[in-house]
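What the coordinates show
Below are the chains, spelled out letter by letter.
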Amino acid sequence: MKRSLLILLALFTLALQSCVFRPSIDEQGNITVRTANKLMRSHGARQFEKMKRDKAISTDPRYTEPVARVAERLKEVITLPHAEWEFVVFKDLSPNAFALPGGKVGVNTGLFQIIGDDYRADAILAAILGHEISHTTAAHAQQRILHAMALIAAGQLLWFSLDTNDIDHPEYALAGFALTGYLADALPFSRKQEYESDKMGAIYMAQAGYDPRASIELWKRLRDYHRINGGQHPEFLRTHPHDDSRIEALEAFMPVALRFYQSSK
Ligand SMILES: [Zn+2]
């Protein structure tokens, strides 16, 4: 392949990446809120409605009351234009939660085995909800789509250049690009969003008056859960960071989050 085409490909990818890689939180904990576009918001709402139809919803007040209580306090410190917040507890034993564009948040009943019922329970739940809300206020789903489009565009450019350069097996080069793009770019991108949501979540919970150190406790408990139940693949193959890595990152960020906690009192 001509060197000029390679350089063009690299520049093109970098240019697209720089449009997409815009952090939503800085070193001082200042958050830049991003609103997902209308299409993403209505898609998120439709998907959430479908999940509510397809999955069993819990009305058990042991779960719904703390979720409503903590969500209410978090909503007070978050302004997201066009958000139609909705928090639903799903009967699902896997300790998981999710967020969809537009302000839709799902929490599985299985998370309550991690949250527990002692004095830290609300703060740990705030860490979970704060993290999920952050995926929405940073418009992470939309960023992932833009990012995937950048990769596809780079792939097309590569295809075009291979086509015009008479290479014996262009499919190998393209497969190599796809695999490299996935491992070296798409997966780290998802992990980066997770780290970002951890930090933003710690700020939101601190602003709402919950001790942000509970976010570290949450990930320690999840790490212990994963050690017993599995689910930790090598980090480079994961969309989510390894539990130990996010605990380390959160510990390093804690002085910043604690400043917000102190000033919330
Ligand atoms: Zn997440």
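In short, a report on the structure. Everything quoted here is computed from the prediction, not taken from an experiment. (Residues numbered from 1 in each chain as written. Predicted model: local features only at pLDDT ≥ 70, side-chain atom pairs only at ≥ 80, totals over all residues.)

The secondary structure content of the chain amounts to nine helices and three strands. Sequence-ordered secondary structure for the chain, helices as α and strands as β, is α-α-α-β-β-β-α-α-α-α-α-α. Residue burial in the chain is summarised as follows: out of 265 residues, 32% are buried. Contacts in the chain between residues at least 24 apart in sequence constitute 73% of all its contacts with a sequence separation of at least 6. (Helix = DSSP H or I, 4+ residues; strand = E, 2+ residues; numbered from the N terminus. Buried ≥ 20, exposed ≤ 12 C-beta atoms within 10 Å, placed from the backbone. Contact = placed C-beta atoms within 7 Å.)

Once that is clear, we can look at the sheet that holds strand S2 (residues 97–100). The strand order across the open sheet built from three strands is S1-S3-S2, with neighbouring strands paired in mixed fashion. Single-partner strands in this sheet number two, and they are strand S1 (86–90) and S2. Adjacent strand axes in the sheet meet at a mean angle of 15° when their direction is disregarded. Across four bridges, S2 lies against strand S3 (residues 104–108) in antiparallel orientation. Across the sheet, residue Ala97 finds its bridge partner in S3, namely Val107. Across the sheet, helix H2 (residues 38–54) lies against S1, S2 and S3, angled at about 30° from S3, the strand it touches most. Running at roughly 155° to S1, helix H3 (residues 61–77) makes contact with S1 and S3 of the sheet. (Pairing = 2+ DSSP bridges. Axes fitted to C-alpha atoms, helices over the stretch in contact; angles between N-to-C directions.)

Across the five residues of S3, four count as buried, placing the element largely inside the fold. Alignment of S1 against S3, held across five bridges, turns out to be parallel. Residue pairing for S3: Val89 is matched across the bridge by Val107. Between the antiparallel neighbours S2 and S3 lie three residues, among them Gly102 with a positive phi of about 100°.

Let us now look at H3. The end-to-end C-alpha distance of H3 is 24 Å, a good match for the 24 Å that 17 residues give at a rise of 1.5 Å each. Turning to H3, its buried residues number three or more, namely Tyr63, Pro66, Val67, Val70, Ala71 and Leu74. Viewed along the axis of H3, the buried residues span an arc of 130°, placing them on a single side of the element. Facing away from the buried side of H3 by over 90 degrees, the exposed positions are Pro61, Glu65, Ala68, Glu72 and Glu76. (Expected span 1.5 Å × (residues − 1). Arc of directions from axis to C-beta.)

All right, on to the environment of Ser190 then. Summarising the element assignment, Ser190 is placed in helix H7 (residues 170–207). In the structure, Ser190 is positioned 51 residues away from Pro241 in sequence and 8.7 Å away in space, judged by C-alpha atoms.

Turning our attention to the packing of helix H8 (residues 214–229) against helix H9 (residues 243–264). Close contact between H8 and H9 brings their axes to 9 Å; oriented N to C, the two are set at 170°. For the element pair H8 / H9, the angle class is roughly antiparallel. Residues Ser215, Ile216, Trp219, Lys220, Leu222, Arg223 and His226 of H8 pack against Asp243, Asp244, Arg246, Ile247, Leu250 and Glu251 of H9. Of the residues belonging to the contact of H8 with H9, the class tally is five nonpolar, two polar and six charged. (Parallel < 35°, antiparallel > 145°, perpendicular 65-115°, else oblique. Nonpolar A, V, L, I, M, F, W, Y, C, P; charged D, E, K, R; others polar.)

This next bit is on the packing of helix H5 (residues 121–137) against H8. When two helices pack together, their arrangement is given by the angle between the helix axes and the distance between those axes. Put simply, H5 and H8 touch, their axes get as near as 8 Å, and they point 85° apart. Between H5 and H8, the interaxial angle falls into the category roughly perpendicular. Residue-level inspection shows Ala123, Ile124, Ala126, Ala127 and Ile128 of H5 in contact with H8, the latter providing Ala214, Ser215, Glu217 and Leu218. Classifying every residue of the contact of H5 with H8 by side-chain character gives seven nonpolar, one polar and one charged.

Once that is clear, we can look at the environment of Ile78. With respect to the element layout, Ile78 can be found in the loop between H3 and S1. Distance in space between the C-alpha atoms of Ile78 and Ala208 is 9.2 Å, their sequence separation being 130 residues. Not counting residues within four places of it along the chain, the set of residues in contact with Ile78 comprises Ile133, Thr137 and Tyr204.

With that out of the way, let us pick up the nonpolar core. Core analysis: the biggest nonpolar cluster contains 47 residues, and Leu74, Ala126, Ile128, Leu129 and Met205 have the highest contact counts within it. The biggest single contributor to this core is H5, with eight residues. (Core = buried A, V, L, I, M, F, W, Y, C linked by C-beta atoms within 7 Å.)

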